[in-house]
Amino acid sequence: GASTDGTMRYGSSAPDWLDEAAAVALENEVLTRSRYANARAAFEADGTVLAFPLQTYLTMEHPSLRAAQAMQGRRTEGAKAMMLSGDEAKAFLEASGGNPEVFYRQTRLFIDYLMETSDDPRILYKIAQSYRDGGDLADWLAQSGGGNGLPMTLDALETQFDAWARARLAGIPSDPAT
């Protein structure tokens, strides 16, 4: 879909992180454990907690957007959803250039941080309303962050999110089966 400024987005007119947050929030427990195990493995390997600085993450396009646009251009009119499997899926991921798993991993951490810190399972809905009304996360934090147990600036949010993620990953095994 197109954003409010007319640029193409991966999903809806919302920022790609927020679109994916809605999807990742619905993932099953096995996939969630896998995301945490992968995050823990990256943390153990090189100390990486947040793959992208928060400001970059909040404004970046989905790592698969360009590949999806290229594939969309080859299709005829019809449904916008794509189902890929096997070699087709591998080719799509290679064409993505980035690593969507890293994006999804940070998204999982971010939504869990937001819900746990705010103690509100509907926090994403509140944030999405700000975007719908023409604002963004910085605007929402300035107006509502403190009242929801969150910092009031993006810089403070990034600092707190990073500390939360480090503490969370320190207690997570890198084997998703455990």
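Further up the page is the structure itself.
These lines cover the structure that appears in this document, whether it is placed above or below.

Cut-offs applied
Residues numbered from 1 in each chain as written. Predicted model: local features only at pLDDT ≥ 70, side-chain atom pairs only at ≥ 80, totals over all residues. Heavy atoms only, no water. Helix = DSSP H or I, 4+ residues; strand = E, 2+ residues; numbered from the N terminus. Contact = heavy atoms within 4.5 Å. Polar contact = N/O pair within 3.5 Å; in protein donor to acceptor, adjacent residues only side chain to side chain. Core = buried A, V, L, I, M, F, W, Y, C linked by side-chain atoms within 4.5 Å. Buried < 20%, exposed > 50% of the residue type's maximum accessible area, 1.4 Å probe, protein only. Phe/Tyr/Trp six-rings, centres within 6.5 Å; stacked < 30°, edge-to-face > 60°. Lys NZ or Arg CZ within 6 Å of the ring centre and 35° of its normal.

## Looking at the environment of Asp120
- Note on placement: Asp120 falls in the loop between helix 6 (100–118) and helix 7 (123–132).
- Remark: the alpha-carbon pair of Asp120 and Gly149, spanning 29 residues in sequence, is separated by 9.5 Å.
- Look past the residues within four positions of Asp120 in its chain and what remains in contact with it is Met115, Lys126 and Asn148.

## So, the environment of Arg132
- Topologically, Arg132 is positioned in helix 7.
- Separated by 119 residues in the primary sequence, Arg132 and Ser13 place their C-alpha atoms 8.8 Å from one another.
- Within polar-contact distance, the side chain of Arg132 engages the side chain of Asp133 at 3.2 Å.

## Digging into the nonpolar core
- By size, the foremost hydrophobic cluster in this structure holds 37 residues, and its most contacted members are Trp17, Tyr57, Phe110, Leu114, Leu137, Leu157 and Phe161.
- No other element matches helix 6, which puts eight residues into this core.
- When sequence neighbours within four positions are dropped, the list of residues in contact with Trp17 reads Tyr57, Leu58, Phe103, Thr107, Phe110, Leu124, Ile127 and Tyr131.

## Some remarks on the environment of Gly146
- Relative to the helices and strands, Gly146 resides in the loop between helix 8 (137–145) and helix 9 (154–170).
- A sequence separation of 28 residues divides Gly146 from Ser118, and the C-alpha atoms of the two residues are 9.3 Å apart.
- For Gly146, the contacting residues outside a window of four places in its chain are Leu141, Pro151 and Met152.

## Concerning the packing of aromatic side chains
- Under the counting rule described, the total for this entry stands at 10 aromatic pairs.
- Consider the rings of Tyr57 and Phe103, whose centres lie 5.6 Å apart with planes at 50 degrees: the pair is tilted. With Tyr57 in helix 3 (residues 54–59) and Phe103 in helix 6, this residue pair connects regions lying 46 residues apart in the sequence. A single burial state applies to Tyr57 and to Phe103, both of which are buried.
- The cationic tip of Arg122 hangs over the ring face of Tyr125; the distance from NZ or CZ to the ring centre is 4.7 Å.

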